[in-house]
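Residue-level structure breakdown
Single-letter residue listing:
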Amino acid sequence: MNKKEVFKLAKGFRGRAKNCIRIARERVEKALQYSYRDRRNKKRDMRSLWIERINAGTRVHGVNYGNFMHGLVKENIQLNRKVLSELSMHEPYSFKALVDVSRTAFPGNKNMAPAPKKEGLSILV
Amino acid sequence: DVWNKTWYPKAEDHVNTEKTWYVVDASDKILGRLASTIAIHIRGKNLATYTPSVDMGAFVIVVNAEKVAVSGKKRTQKLYRRHSGRPGGMTVETFDQLQQRIPERIIEHAVRGMLPKGRLGRDLFTHLKVYTGADHPHQAQKPIDLPIRDKRIQKQT
């Protein structure tokens, strides 16, 4: 692309990268590569942010994220993490109802029998 | 529309004057477990409105900092190092030596290691207020007790 287009894309860059074509061209190429990669990364980052928010919201009610999602899956509630995180922030009573539904469906692993003990090197001693 | 865009806090959602203030008494609490709960509350990870790029956390006041406990032989064996930048400029102190000199630094060092490192992390660190002794000058902020969910944080005597 010609210089005018490069400088248009180089607005806000630091130092000579916004003014001098040789440096601006390199930086703009890099910026376009980063934006290509980050359009894909953004989807991952957003999902991880929703999961963090849901985790914080459910721990207030004494349930952690893993058990909560397992309970929802068992009850076939197909709300996605985006909507769940928005509910946890803006609709606290509805979210509490969801946590209760999940808790009745899956109360957690505390009452499971302990895993069978594996024999270690102590049998050789 | 509000249901298809992920919420991002506006300026009025994180005003410093309206944040909660917590107070915690550090006497006979295990250092690392205490620092972990403090860091979680300062960063805001216990809130559903957590945002990594914005300071949504609370302020935490620690009192009785000189009475914080460590398990095992850490009192004489845990080392605190700092380097001045010049060759041969490393100073090594043990836990109890530092506790004699500057007791607040122990909790500050522990919490600073658990907060993010960066501009925001440095700002978050200023929300930690550590004091030796049982008094603190923040009565006007009406701090509430920090809710601690860790069962092993109290030192067993």
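None of the values given here were measured: they were computed from a predicted structure.

Definitions and cut-offs
Residues numbered from 1 in each chain as written. Chains lettered and ligands numbered in written order. Predicted model: local features only at pLDDT ≥ 70, side-chain atom pairs only at ≥ 80, totals over all residues. Heavy atoms only, no water. Helix = DSSP H or I, 4+ residues; strand = E, 2+ residues; numbered from the N terminus. Rg over C-alpha atoms; globule rule 2.2 N^0.38 Å. Buried < 20%, exposed > 50% of the residue type's maximum accessible area, 1.4 Å probe, protein only. pLDDT = per-residue confidence, 0-100. Pairing = 2+ DSSP bridges. Patch = residues over 30% accessible without salt bridge, like charges linked within 9 Å, V, L, I, M, F, W, Y side chains within 5 Å. Areas by Shrake-Rupley, 256 points an atom, 1.4 Å probe, with all protein chains shown as cover. Salt bridge = Lys/Arg side-chain N within 4 Å of Asp/Glu carboxyl O. Contact = heavy atoms within 4.5 Å. Buried area = accessible area lost by both parts, 1.4 Å probe. Polar contact = N/O pair within 3.5 Å; in protein donor to acceptor, adjacent residues only side chain to side chain. Nonpolar A, V, L, I, M, F, W, Y, C, P; charged D, E, K, R; others polar.

Across its full length, chain A carries 5 helices and 0 strands. When the elements of chain A are put in sequence order from the N terminus, they spell out α-α-α-α-α. In terms of overall dimensions, chain A is more spread out than a globule: its C-alpha atoms have a radius of gyration of 25 Å, far above the 14 Å expected for 125 residues. Put simply, chain A has 125 residues, and 26% of those count as buried.

For chain A, the mean per-residue pLDDT works out to 91, and 94% of the residues sit at or above 70. Ranking the elements of chain A by mean pLDDT puts helix 4 (residues 81-90) of chain A last, at 93, and helix 2 (residues 21-59) of chain A first, at 96.

Residue and element names in this part refer to chain B. Bridge count between strand 3 (residues 79-83) and strand 4 (residues 90-94): 5 bridges; the pairing is antiparallel. By the bridge assignment, R81 is partnered in strand 4 with V92. Between strand 3 and strand 4, which follow one another and run antiparallel, lie 6 residues, and G85 among them has a positive phi close to 105°.

Together, L121, I123 and L124 of chain A give the surface a local cluster of nonpolar side chains, amounting to about 390 Å² of exposed area. With respect to the element layout, L124 of chain A can be found in the segment after helix 5 (92-105).

Attention shifts here to the interface of chain A and chain B. The accessible area lost on association of the parts is a frequent measure of interface size. If you look at the interface, chain A gives 18 residues, while chain B gives 15 residues. In total, chain A and chain B occlude about 1300 Å² of area from one another, counting both sides; carbon and sulfur atoms represent 56% of this. The largest share of the area that chain A buries against chain B comes from E52, R53 and E86 of chain A, three residues that together contribute 37% of it. Put simply, E52 of chain A and K45 of chain B hold a salt bridge, and the shortest N to O gap is 3.3 Å. Taken together, chain A and chain B are joined by 8 residue pairs in polar contact (both at pLDDT 80 or more). Contributions of two or more residues to the side of chain A that touches chain B are made by helix 2 and helix 4 of chain A. Per-element accounting of the side of chain A that touches chain B gives the leading share, 8 residues, to helix 2 of chain A. For the side of chain A that touches chain B, a count of residues per class yields 8 nonpolar, 4 polar and 6 charged.

With that settled, the discussion passes to the environment of R40 of chain A. On the secondary structure map, R40 of chain A appears in helix 2. Engagement of the side chain of R40 of chain A in a polar contact is seen with the backbone oxygen of Y36 of chain A, the distance being 3.2 Å.

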